[in-house]
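# Structure assessment
Okay, here's what each chain looks like letter by letter:
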Amino acid sequence: MKRAAILIAMMGISVWGFAQSTPAQSAPAGQASGQTPGQAAAPAGKRPPQAKTQEEFKAYNDAAALTDPAAQEKAAGDFATKFPDSELRPLLYKAVMHGYQGANNADKMMAMAEKILTYDADDPEALLGVSQVLAERTRDTDLDRDQKLAEATKDAQRALVTVDTDIPTAGLPQERVDAFKGFIRSEAYAILGTIEFNKKAWADAEGDLRKSIDAFPQQVDPIAVFRLSVALDMQSKYPEALRYANQAVELTKEGTNAGDAARKEKDRLTQLSGGGAPPAKK
């Protein structure tokens, strides 16, 4: 799945925000918890989830330390059973969701995202978890294709709203909050662009894929760049399409599916620019 390193950072902002808010952590007088001297904090907002007892805090840490997704899922379930009112249950299931995402297990990733949404129907990470799987795995031959894509679109659009209302920001550095929000927006627009791309709605795909790239320039999604190149190509915007094809080549490795597709697109557009007979559009 995409941008694994940033997914770890996504998880980290939630866990980090929680850890800095527990009774076990204290900050100097006049300094927000989790804030280093001279570091600007975000304005007061939704507070991170907190443990009610040290026993709950320890159980959370024990479960969060696991790395195997199946073991993480079992530990999250055991934790939820033992602490049925804990605010930390969604955090553990987010770790499981990201674990399955890293293992490329889309079905389990989606199941964990849906589990998180039972705790918080507006959680932007979980909304994107469901939306991404639906957008990437729905096929034209699926009898419920339109229903799945409508759900994917709705969830991605909802995440663009709730990223400003539903993530913990109290006491967190503003630059970290901004980066996290930028990543969520980038993913949401990439999903919307993918749906439009697969529908061959090239102009709409172009718009949302541009927004995806612009939302998180710190680490551009190479798949979004490649799809933007193709969307521009399909509208006969060849010079700009070639620019993005070159960028997609730079961001991918030869021999991978994404890398080979990017190189094929670059070759096609290069031939167009040089006046040769280009490969046929597909």
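Scoring rules and cut-offs
Residues numbered from 1 in each chain as written. Predicted model: local features only at pLDDT ≥ 70, side-chain atom pairs only at ≥ 80, totals over all residues. Heavy atoms only, no water. Axes fitted to C-alpha atoms, helices over the stretch in contact; angles between N-to-C directions. Helix = DSSP H or I, 4+ residues; strand = E, 2+ residues; numbered from the N terminus. Parallel < 35°, antiparallel > 145°, perpendicular 65-115°, else oblique. Left-handed = near helix turned anticlockwise from the far one by under 90°. Contact = heavy atoms within 4.5 Å. Nonpolar A, V, L, I, M, F, W, Y, C, P; charged D, E, K, R; others polar. Phe/Tyr/Trp six-rings, centres within 6.5 Å; stacked < 30°, edge-to-face > 60°. Buried < 20%, exposed > 50% of the residue type's maximum accessible area, 1.4 Å probe, protein only. Expected span 1.5 Å × (residues − 1).

Two elements in contact, helix H4 (residues 89-102) and helix H5 (residues 106-119), have axes whose closest approach is 8 Å; the angle formed by their N-to-C orientations is 165°. Between H4 and H5, the angle falls in the class roughly antiparallel. Once H4 is placed against H5, the crossing between them reads as left-handed. Packed against H4, whose contacting residues are Arg89, Pro90, Tyr93, Lys94, Val96, Met97, Tyr100 and Gln101, the element H5 presents Lys108, Met109, Met112, Ala113, Lys115, Ile116 and Tyr119 at the interface. Here the residues of the contact of H4 with H5 are counted per class, giving ten nonpolar, one polar and four charged.

Once that is clear, we can look at the packing of aromatic side chains. For the structure on display, the rule yields four aromatic pairs. An angle of 85° between the planes, with centres 5.7 Å apart, marks the rings of phenylalanine 183 and phenylalanine 216 as edge-to-face. Pair noted here: phenylalanine 183 is in helix H8 (residues 174-198) and phenylalanine 216 is in the loop between helix H9 (202-215) and helix H10 (222-234), with a separation of 33 residues, a long-range link. Residue classification places phenylalanine 216 among the buried positions, given a relative accessible area of 6%. Ring geometry for phenylalanine 197 versus tryptophan 202: centroids 5.3 Å apart, planes at 85°, classification edge-to-face. Summarising the burial analysis for this pair, phenylalanine 197 and tryptophan 202 share the class buried.

Helix length check: H8, at 25 residues, gives a terminal C-alpha distance of 36 Å against a target of 36 Å (1.5 Å per residue), a fit within 8%. Taking burial as the measure, the 25 residues of H8 include 18 buried ones, the bulk of the element. Following H8 by one or two positions, lysine 200 has its phi on the positive side, about 65°.

Let's shift gears to unusual backbone geometry. Unlike most non-glycine residues, asparagine 104 shows phi in positive territory, near 60°. Note on placement: asparagine 104 falls in the loop between H4 and H5. Asparagine 104 sits in the partly exposed class, given a relative accessible area of 46%. Its identity as a non-glycine residue notwithstanding, lysine 200 has a phi of 65°, on the positive side. With respect to the secondary-structure elements, lysine 200 resides in the loop between H8 and H9.

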